Amino acid sequence: PRALYEAPLEVGPVGGADVLEYTVGAGDGADGVLVRDLGLPRSALLAVVVRADEVIPPRGSTRVTAGDRLYVLTRAQALREVEAAMGAWRDDGGD
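A brief structural summary. In this text, all values refer to a predicted model and were calculated from it rather than measured experimentally. (Residues numbered from 1 in each chain as written. Predicted model: local features only at pLDDT ≥ 70, side-chain atom pairs only at ≥ 80, totals over all residues. Heavy atoms only, no water.)

## Re the packing of aromatic side chains
And step 1. Enumeration over the complete set of coordinates arrives at 1 aromatic pair.
And step 2. Their ring planes at 80 degrees and their centres at 4.9 Å tell us that tyrosine 22 and tryptophan 89 sit as a pair that is edge-to-face. Pair noted here: tyrosine 22 is in strand β1 (residues 17-23) and tryptophan 89 is in helix α1 (residues 79-92), with a separation of 67 residues, a long-range link. (Phe/Tyr/Trp six-rings, centres within 6.5 Å; stacked < 30°, edge-to-face > 60°. Helix = DSSP H or I, 4+ residues; strand = E, 2+ residues; numbered from the N terminus.)

## Looking at α1
And step 1. For α1, with 14 residues, the first-to-last C-alpha span of 20 Å sits near the 20 Å given by 1.5 Å per residue.
And step 2. Restricting attention to buried positions, one finds in α1 the residues Val82, Ala85, Met86, Gly87, Trp89 and Arg90.
And step 3. Where α1 is buried, its residues contact β1, β2 (44-51) and β4 (69-75). (Expected span 1.5 Å × (residues − 1). Buried < 20%, exposed > 50% of the residue type's maximum accessible area, 1.4 Å probe, protein only. Contact = heavy atoms within 4.5 Å.)

## Notes on the side chain of glutamate 21
And step 1. Relative to the helices and strands, glutamate 21 resides in strand β1.
And step 2. For glutamate 21, a relative accessible area of 7% translates into the label buried.

## Section: the side chain of arginine 90
And step 1. Inspection of the secondary structure assignment puts arginine 90 in helix α1.
And step 2. Only 3.5 Å separates the side chain of arginine 90 from the side chain of tyrosine 22, close enough to count as a polar contact. (Polar contact = N/O pair within 3.5 Å; in protein donor to acceptor, adjacent residues only side chain to side chain.)

## With respect to the pattern of salt bridges
And step 1. All chains considered together, the criterion is met by 4 salt bridges.
And step 2. The salt bridge involving arginine 80 is made with glutamate 83; its shortest N-O contact spans 3.9 Å. Here glutamate 83 and arginine 80 lie together in helix α1, a separation of 3 residues that amounts to about one turn.
And step 3. Under the relative-accessibility criterion, arginine 80 is labelled exposed at 69%. (Salt bridge = Lys/Arg side-chain N within 4 Å of Asp/Glu carboxyl O.)

## Re the nonpolar core
Generally speaking, a soluble globular protein has its nonpolar side chains buried in company with each other.
And step 1. The biggest cluster of nonpolar side chains holds 17 residues, and the ones touching the most others in it are Leu38, Leu46, Leu70, Met86 and Trp89.
And step 2. Put simply, the parts of the chain that give this core at least two residues each are β1, β2, β4 and α1.
And step 3. Discounting chain neighbours no more than four positions away, the residues touching leucine 70 are Leu20, Glu21, Tyr22, Val24, Leu38, Leu46, Val48, Val49, Val64 and Trp89. (Core = buried A, V, L, I, M, F, W, Y, C linked by side-chain atoms within 4.5 Å.)

## Section: the sheet that holds strand β3 (residues 54-56)
And step 1. An order of β1-β4-β2-β3 is seen for the 4 strands of this open sheet, with the pairing classed as antiparallel. Edge positions in the sheet fall to β1 and β3, since each of these pairs with one other strand and no more. Neighbour-to-neighbour, the strand axes of the sheet open up by a mean angle of 20 degrees, direction not taken into account.
And step 2. Across 3 bridges, β2 lies against β3 in antiparallel orientation. Each residue of the ladder has a partner; that of valine 49, found in β3, is isoleucine 56.
And step 3. Of the strands in this sheet, β1, β2 and β4 are in contact with α1, which crosses β1 at around 5 degrees. (Pairing = 2+ DSSP bridges. Axes fitted to C-alpha atoms, helices over the stretch in contact; angles between N-to-C directions.)

Next up, the structure:
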């Protein structure tokens, strides 16, 4: 199975926060979903979407598609909640 997320930056914890990278697979639960409907906890922020070579500042109305790399900023205390949301994206995709 694919890793749930990748550590894209070698910055370590920054003020008690982590940056996580999630690559959306074809058929994942996040594939085709609007950012506002991703189910991320309020203490997490989808900071940027990278689609091919394009950087997209996400809005609630941004639709996530397979192949997108999502960079999520979260407080360390909310890491488990973010991992649960990402796990649901993967599980909802039928992998």
